[in-house]
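# Residue-level structure breakdown
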Amino acid sequence: MASSTFRPKDQEQDRLADRDVARRLLASSAELSYDPATEVDWDTPLDTDHHGASPEWSTLYGSAYWAELTEDRRRALTRQEAASVACTGIWFEMILQQMVLRDMYAEDPTDPRFQWALTEIADECRHSIMFARGAAKLGAPAYRPRRAVVELGRVFKTVAFGEAAYAAILVAEEVLDVMQRDWMRDERVAPFVRTINNIHVVEESRHMKFARDETRRRLRGAGAVRRQINALVVAIASYCIVTSMVNRDVYRNAGLDAERARAEARANEHHKSLMRSSCSGLMEFLASARLLTRPALFFYRRASLI
């Protein structure tokens with residue numbers, strides 16, 4: 001009896017708290033947002049004396065092959081790798097936008113959560129254009145995930161809902177956030193790439209806050225079966241996202257022996273360790289949300305996230 005008496009009050013308090021979070025995010029966005037069209041130096045030609053990403057984040061860093069590469073070849077490789085990460089980011093941001101739009105379809109437009117969701121979508125549109133221009137300036141082709149992953153993404157954006165959608169968004173953004181925080185501070189990285197990374201880090205911090213809160217909110221009262229299913233869906237999506245970040249063609253386009261480079265990248269314990277350490281906070285959040293089930297852990301380990 002007491003439970004049924006207090007539940008409506010608790011739900012109303014939760015609803016008001018969720019709206020308050022959205023209001024704060026809207027205020028932050030109004031105060032601190034960027035226009036990449038004017039903030040990024042698109043006109044200065046690419047300086048090939050710069051890296052595209054911090055060398056330590058290269059998939060070959062620490063390998064025998066890396067030790068053999070000239071500095072010019074290392075810089076060419078990190079530029080291709082950074083462009084591949086940007087292209088993968090565009091692919092997932094397009095999935096993200098569709099999921100958020102579907103989630104907010106026919107919702108109350110006066111609700112700050114609705115207005116924040118549209119603000120986030122507007123941010124992601126700008127980010128995608130920014131990443132596209134950045135990849136082009138780095139002299140890279142249009143890298144895309146494997147066809148099977150593209151088709152899985154098509155299914156995921158259509159059927160994922162609630163906590164599965166927002167937790168997957170969080171995984172993608174958290175992984176990018178950690179590496180880009182390193183890149184934006186590294187003077188070895190091309191200045192325009194550092195600006196792109198800074199813009200993305202600042203604006204995505206708000207998106208990650210919303211994704212965490214939405215994941216928790218959608219899981220309130222979720223049963224064991226629902227958690228098991230969504231934990232697995234999120235883990236599979238995470239595996240596809242992370243393993244698609246660096247396209248297998250970056251090595252050939254950087255002038256490397258592609259077959260040898262791919263083999264050494266797959267065995268590179270330095271890069272695997274870096275990915276695991278960068279995702280420690282994310283894994284703690286998923287564990288607190290009870291989304292680190294045994295089947296899910298299999299995919300996180302395969303992706304070297306745990």
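### Regarding helix α14 (residues 294–302)
All of the buried residues in α14 are Ala296, Leu297 and Tyr300. The buried residues of α14 all sit within an arc of 100° when viewed along its axis, so they share a single face. Among the exposed residues of α14, those oriented more than 90 degrees off its buried face are Arg294, Arg301 and Arg302. Structurally, α14 contributes buried residues whose contacts are with α9 (224–243) and α13 (280–288). Downstream of α14 by a residue or two, Ser304 has a phi angle that is positive, lying close to 60°.

### Remarks on the packing of helix α4 (residues 71–104) against helix α7 (residues 162–185)
Here α4 crosses α7 at 150°, and the two axes come no closer than 10 Å. Our classification of the angle between α4 and α7 gives roughly antiparallel. Between α4 and α7 the crossing geometry is left-handed. Between α4, through Ala82, Val85, Phe92, Glu93, Leu96, Met99, Val100, Asp103 and Met104, and α7, the contact on the second element is made entirely by Ala165, Tyr166, Ala168, Ile169, Ala172, Glu173, Leu176, Met179 and Trp183. Tallied by class, the residues present in the contact of α4 with α7 amount to 15 nonpolar, no polar and three charged.

### Some points on the packing of aromatic side chains
This model, assessed by the stated rule, comprises seven aromatic pairs. Judged by centre distance (5.9 Å) and plane angle (85°), the ring pair of Tyr166 and Phe210 falls under edge-to-face. Taken together, the residues Tyr166 in helix α7 and Phe210 in helix α8 (residues 191–219) connect sequence positions 44 residues apart. Each member of the pair, Tyr166 as well as Phe210, carries the same accessibility label: buried. Across from the ring centre of Phe192, 4.6 Å away, lies the NZ or CZ of Lys137, which sits over that ring.

### Side note on the side chain of Ser29
Relative to the helices and strands, Ser29 is located in helix α1 (residues 2–31). Look at Ser29 and you get buried, because its relative accessible area is 10%. Beyond its immediate sequence surroundings of up to four residues, Ser29 is in contact with Trp116, Thr119 and Arg206.

### Section: the layout of surface pockets
Taken as a whole, the largest pocket spans an internal volume of roughly 960 Å³. Sorting the residues of the lining of the largest pocket by element identifies α4, α7, α9, α11 (258–266) and α12 (269–278) as the ones contributing at least two each. Considered class by class, the residues forming the lining of the largest pocket number 15 nonpolar, eight polar and nine charged. If you trace the second largest pocket, you find 19 residues lining it, with Leu152, Val155, Phe156, Val233 and Ala237 closest to the centre. When residues in the lining of the second largest pocket are grouped by element, the largest group, seven residues, is from α9. Partitioned by chemical class, the residues of the lining of the second largest pocket number 17 nonpolar, two polar and no charged.

### Regarding the pattern of salt bridges
In the structure shown here, the tally under the stated rule is 26 salt bridges. Glu56 is the salt-bridge partner of Arg188, the closest N and O atoms lying 2.8 Å from each other. Here Arg188 is found in the loop between α7 and α8, whereas its partner Glu56 is found in the loop between α2 (36–39) and α3 (64–68), with 132 residues between them in sequence. The class for Glu56 is partly exposed, based on a relative accessible area of 26%. Close ionic contact of Arg216 with Asp213 constitutes a salt bridge, the shortest N to O distance being 3.3 Å. Highlighted residues: Arg216 and Asp213, both in helix α8, separated by three residues, approximately one helical turn.

### Here's the deal with the confidence of the model for the chain
For the chain, the mean per-residue pLDDT works out to 94, and 96% of the residues sit at or above 70. Counting interchain partners and residues more than four positions distant, the pLDDT-below-50 stretch residues 1–6 has zero contacts.

### Some details on the state of the cysteines
Linking two cysteines covalently through their sulfur atoms gives a disulfide. Enumeration according to the criterion identifies zero disulfides in this entry. With no disulfide of its own, Cys240 lies closest to Cys279 among cysteine sulfurs, the gap being 15 Å.

### Notes on the packing of helix α5 (residues 112–137) against α8
The contact between α5 and α8 brings their axes to 10 Å, and the two run at 145°. Along this stretch, α5 crosses α8, giving a crossing that reads as left-handed. When α5 is examined against α8, the residues Arg113, Trp116, Glu120, Asp123, Glu124, Arg126, His127, Met130, Phe131, Gly134 and Lys137 are found in contact with a partner set consisting of Phe192, Ile196, Ile199, His200, Glu203, Glu204, Arg206, His207, Phe210, Glu214, Arg217 and Arg218. When the residues that make up the contact of α5 with α8 are grouped by side-chain class, the tally is seven nonpolar, four polar and twelve charged.

### Some thoughts on the nonpolar core
Ranked by size, the top nonpolar core spans 91 residues in total, and within it Leu60, Leu77, Tyr251 and Leu256 carry the most contacts. Per-element tally for this core: the top contributor is α4, with 15 residues. In contact with Tyr251, other than residues within four places in its own chain, are Thr59, Leu60, Leu77, Glu81, Val246, Leu256, Ala258, Ala261, Arg262 and Ala265.

Rules and cut-offs
- Residues numbered from 1 in each chain as written.
- Predicted model: local features only at pLDDT ≥ 70, side-chain atom pairs only at ≥ 80, totals over all residues.
- Heavy atoms only, no water.
- Buried < 20%, exposed > 50% of the residue type's maximum accessible area, 1.4 Å probe, protein only.
- Helix = DSSP H or I, 4+ residues; strand = E, 2+ residues; numbered from the N terminus.
- Arc of directions from axis to C-beta.
- Contact = heavy atoms within 4.5 Å.
- Axes fitted to C-alpha atoms, helices over the stretch in contact; angles between N-to-C directions.
- Parallel < 35°, antiparallel > 145°, perpendicular 65-115°, else oblique.
- Left-handed = near helix turned anticlockwise from the far one by under 90°.
- Nonpolar A, V, L, I, M, F, W, Y, C, P; charged D, E, K, R; others polar.
- Phe/Tyr/Trp six-rings, centres within 6.5 Å; stacked < 30°, edge-to-face > 60°.
- Lys NZ or Arg CZ within 6 Å of the ring centre and 35° of its normal.
- 1 Å grid on protein atoms, 1.4 Å probe; cavity = no way out; pocket = protein on both sides within 12 Å on 5 of 7 lines; lining within 4 Å.
- Points joined across faces, edges and corners; volume = space filled by probe spheres on them.
- Salt bridge = Lys/Arg side-chain N within 4 Å of Asp/Glu carboxyl O.
- pLDDT = per-residue confidence, 0-100.
- Disulfide = S-S within 2.5 Å.
- Core = buried A, V, L, I, M, F, W, Y, C linked by side-chain atoms within 4.5 Å.

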